[in-house]
Amino acid sequence: MKTENKIFIKSFLISGLVYAGLMAGFDYSDGQSFRIFKFLLHFFFFGLSMGLLSRYNYKKQMKKEMRKTENKKTEL
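Residues numbered from 1 in each chain as written. Predicted model: local features only at pLDDT ≥ 70, side-chain atom pairs only at ≥ 80, totals over all residues. Heavy atoms only, no water.

*Asks:* Just to check I follow, could you spell out the overall build of the protein for this structure?
*Replies:* Helix and strand counts for the protein come out as two helices and zero strands. In terms of overall size, the protein is more extended than a compact globule, its C-alpha atoms giving a radius of gyration of 19 Å where 76 residues would be expected to give roughly 11 Å. Oriented by its inertia axes, the alpha-carbon framework of the protein measures out at about 65 × 25 × 10 Å. Buried residues in the protein amount to 16% of all 76 residues. Long-range contacts, defined as pairs at least 24 residues apart, comprise 69% of the intrachain contacts of the protein with a sequence gap of at least 6. For the protein, the exposed area adds up to about 6300 Å²; of that, 65% sits on carbon and sulfur atoms. Across the protein, the mean location of the 14 positive side-chain charges is 5 Å away from that of the 6 negative side-chain charges. (Helix = DSSP H or I, 4+ residues; strand = E, 2+ residues; numbered from the N terminus. Rg over C-alpha atoms; globule rule 2.2 N^0.38 Å. Buried < 20%, exposed > 50% of the residue type's maximum accessible area, 1.4 Å probe, protein only. Contact = heavy atoms within 4.5 Å. Areas by Shrake-Rupley, 256 points an atom, 1.4 Å probe, with all protein chains shown as cover. Lys, Arg positive; Asp, Glu negative; His and termini not counted. Charge placed at Lys NZ, Arg CZ, Asp CG, Glu CD.)

*Asks:* Help me understand the nonpolar core, please; the structure alone is not making it clear to me.
*Replies:* Side chains that are nonpolar tend, in soluble globular proteins, to be buried together. Core analysis: the biggest nonpolar cluster contains five residues, these being F12, A20, A24, F39 and F43. Counting residues per element, the ones that place at least two in this core are α1 (3–29) and α2 (36–75). Considering every element that reaches this core, the biggest residue donor is α1, with three residues. Apart from residues no more than four positions distant in its own chain, F39 is found in contact with L17, A20, G21, A24 and F34. (Core = buried A, V, L, I, M, F, W, Y, C linked by side-chain atoms within 4.5 Å.)

*Asks:* I tried to follow the packing of aromatic side chains on my own but got confused; where do I start?
*Replies:* To describe a pair of aromatic rings, one takes the distance between the centres and the angle between the planes. One pass over the structure, following the stated rule, counts six aromatic pairs. Ring geometry for Y19 and F46: centres 4.2 Å apart, planes at 20°, overall stacked. Taken together, the residues span a long stretch of sequence, with Y19 in helix α1 and F46 in helix α2 at a distance of 27 residues. Residue F46 is classed as partly exposed on the basis of its relative accessible area, which comes to 26%. Taken together through their ring pairs, the aromatic side chains of F8, F12, F43 and F44 make up a single cluster. (Phe/Tyr/Trp six-rings, centres within 6.5 Å; stacked < 30°, edge-to-face > 60°.)

*Asks:* Is there a simple way to think about a nonpolar patch on the surface in this case?
*Replies:* On the surface, a nonpolar cluster with roughly 720 Å² of combined accessible area is contributed by M1, I9, L13, I14, V18, L22 and F26. Mapped onto the elements, M1 comes out in the segment before α1. (Patch = residues over 30% accessible without salt bridge, like charges linked within 9 Å, V, L, I, M, F, W, Y side chains within 5 Å. Salt bridge = Lys/Arg side-chain N within 4 Å of Asp/Glu carboxyl O.)

*Asks:* Whenever I open this one, a positive patch on the surface confuses me. Can you help?
*Replies:* A cluster of basic residues, K2, K59, K60, K63, K64, R67, K68 and K72, forms a positive patch at the surface. With relative accessibility at 36%, the residue K59 sits in the partly exposed group.

Coordinates in, geometry out; function isn't part of it.
Have a look at this one:
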């Protein structure tokens, strides 16, 4: 499996669960009951956006590092 996909999956799961858990905790502290649909909605949308953002940043960083190594090779 590509490193980009591993980063996407890890970021998706971790950030989605943390955010959905925090939002469920805030709802519980306000006296609202736990709603599985709302939890899953928070989990998927926030996790998906953070996963895509992490993957984009990783790709961008790899391109930057590749340019640095190419510049070092041309200087020699």
